[in-house]
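# Fold and geometry: a report
These are the residues of each chain, in order.
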Amino acid sequence: MGEQNHSPGKDLQPWTRKEAPGKRSWHSHAYALGAISNFVSTFLTFPIYKVMFRQQIHAVAVSEAVRQLWHEGPQYFYRGIYPPLLSKTLQGTLLFGTYDSMLFCLSPVGPHSLGHRWAAGLMSGVVEAVALSPFERVQNVLQDGRKQVRFPSTFSILKEFHSYGLWGRLSQGYYRGFWPVLLRNSLGSALYFSFKDPIQNSLAEQGLPHWVPALVSGSVNGTITCLVLYPLIVLVANMQSHIGWQSMPSLWASVQDVWDTRGRKVFLIYRGGSLVILRSSVTWGLTTAIHDFLQRRYHSRKELKD
């Protein structure tokens with residue numbers, strides 16, 4: 001796959017930065033590789049996400065969340081999978097592609113400092129939040145078991161949103177909970193991209209198999225980032241599962257409601273945190289490893305052609 005032609009730990013980041021100064025490149029492969037890696041990892045880890053979402057909504061234990069899904073039957077187990085598959089594929093496209101493009105704008109020939117990676121990651125998270133909030137909104141309504149009768153399909157949710165009027169479709173419909181989403185995505189992307197390459201390069205210098213540094217780097221980053229931002233994840237899930245513009249609570253009222261329903265205790269806010277650790281570790285570990293593998297193959301083929 002070409003990895004034997006590179007010294008470990010020194011070639012992971014500069015691969016897409018070998019153009020001559022002043023020569024602009026679209027780096028379209030970064031968008032494609034991000035889409036593929038996110039699609040595969042999302043499909044493999046969707047069952048974990050479904051259980052985790054039930055915990056966030058109902059504040060129940062893992063066993064109770066599994067019991068709910070088992071009681072509903074297999075026909076509902078993958079209910080809601082299409083929005084996350086589509087959104088996560090688009091997320092990978094935007095996240096990795098926008099990050100690569102922004103990093104090129106900030107530092108065309110490298111080296112890329114922590115500030116460059118942070119800024120590029122932050123901007124990629126902003127783009128991701130703006131583009132994908134509607135998908136997450138629909139997905140969260142679909143996965144709330146309390147709304148299966150009233151909203152049996154995606155179309156029924158879209159019909160509800162379109163009854164709100166133009167501004168209501170955005171503020172109370174598709175972009176409900178947007179500000180927590182924006183904060184979560186921008187900070188999460190900045191943290192991920194800031195430390196992904198340093199951790200991966202450091203591990204690669206230890207002579208480990210090439211897939212191990214990427215897997216560990218993605219797992220560590222995903223775990224830490226989601227634990228730090230978990231209160232925002234819970235807030236978004238609760239805000240976006242709410243339907244009915246007449247009684248839609250404000251952002252502050254939603255924060256208060258989550259805090260009160262969790263007994264004003266931090267450890268209850270983090271109920272479901274064990275699954276967040278598992279899913280984030282697996283998802284971002286797989287995503288990073290798959291992306292690194294595809295990137296290596298791409299550049300190996302490119303070098304052979306050149």
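Read on for a plain summary of the structure. (Residues numbered from 1 in each chain as written. Predicted model: local features only at pLDDT ≥ 70, side-chain atom pairs only at ≥ 80, totals over all residues. Heavy atoms only, no water.)

## Details of the overall build of the protein chain
The test is simple: Only runs of H or I of at least four residues qualify as helices and only runs of E of at least two qualify as strands under DSSP, and these elements are numbered from the N terminus. Burial classification: accessible surface area is computed with a 1.4 Å probe over protein chains only, and a residue below 20% of its type maximum counts as buried, one above 50% as exposed, and the rest as partly exposed. A contact between two residues is defined here by any heavy atoms of the two lying within 4.5 Å. The method behind every accessible area is Shrake-Rupley, applied with a 1.4 Å probe, and residues are considered shielded solely by the protein chains displayed.
Helices and strands together make up the secondary structure of the protein chain, namely eleven helices and zero strands. Listing every helix and strand of the protein chain by position from the N terminus yields α-α-α-α-α-α-α-α-α-α-α. Split into buried and exposed, the 306 residues of the protein chain put 53% on the buried side. By sequence separation, contacts in the protein chain at least 24 residues apart represent 80% of the contacts at least 6 residues apart. In the structure as shown, the protein chain presents an accessible area of about 14500 Å², 67% of it carried by carbon and sulfur atoms.

## Focus: the side chain of Ser 300
Basically, it comes down to this: For this analysis, a polar contact is any N or O atom pair within 3.5 Å, provided that within protein one partner can donate a hydrogen and the other can accept it, and provided that sequence-adjacent residues contribute only side-chain to side-chain pairs.
Checked against the element boundaries, Ser 300 lands in helix H11 (residues 273-305). Ser 300 sits in the buried class, given a relative accessible area of 12%. Side-chain polar atoms of Ser 300 contact the backbone oxygen of Arg 296, separated by 2.8 Å.

## A word on the pattern of salt bridges
Put simply, the test is: For this analysis, a salt bridge means a side-chain nitrogen from Lys or Arg found within 4 Å of a carboxyl oxygen belonging to Asp or Glu.
Overall, the coordinates contain seven salt bridges when judged by the stated rule. The partner of Arg 67 in a salt bridge is Glu 64, with the nearest N and O atoms 2.8 Å apart. You can see Arg 67 and its partner Glu 64 sitting in helix H2 (residues 62-72), three residues apart, about one turn around the helix.

## As for empty space enclosed by the protein
Quick reminder of the rule: Grid points spaced at 1 Å over the protein atoms alone were grouped into cavities, where a 1.4 Å probe fits but cannot get out, and pockets, open sets with protein on both sides within 12 Å along at least five of seven lines, with lining residues defined by an atom within 4 Å of a point. Grid points are joined across faces, edges and corners, and a volume is the space filled by probe spheres set on the points. Gly is placed with the polar residues, together with every amino acid not listed as nonpolar (Ala, Val, Leu, Ile, Met, Phe, Trp, Tyr, Cys and Pro) or charged (Asp, Glu, Lys and Arg).
Counted under the stated rule, the structure contains three cavities of 30 Å³ or more. When its volume is computed, the largest cavity comes out at roughly 720 Å³. The wall of the largest cavity is formed by 37 residues, among which Lys 88, Gln 91, Glu 128, Arg 184 and Asn 185 lie closest to the centre. Elements with a contribution of two residues or more to the lining of the largest cavity: helix H1 (28-58), helix H3 (82-106), helix H4 (114-142), helix H7 (178-204), helix H8 (211-240) and H11. No other element matches H8, which puts eight residues into the lining of the largest cavity. In terms of residue class, the lining of the largest cavity is made up of 14 nonpolar, 18 polar and five charged.

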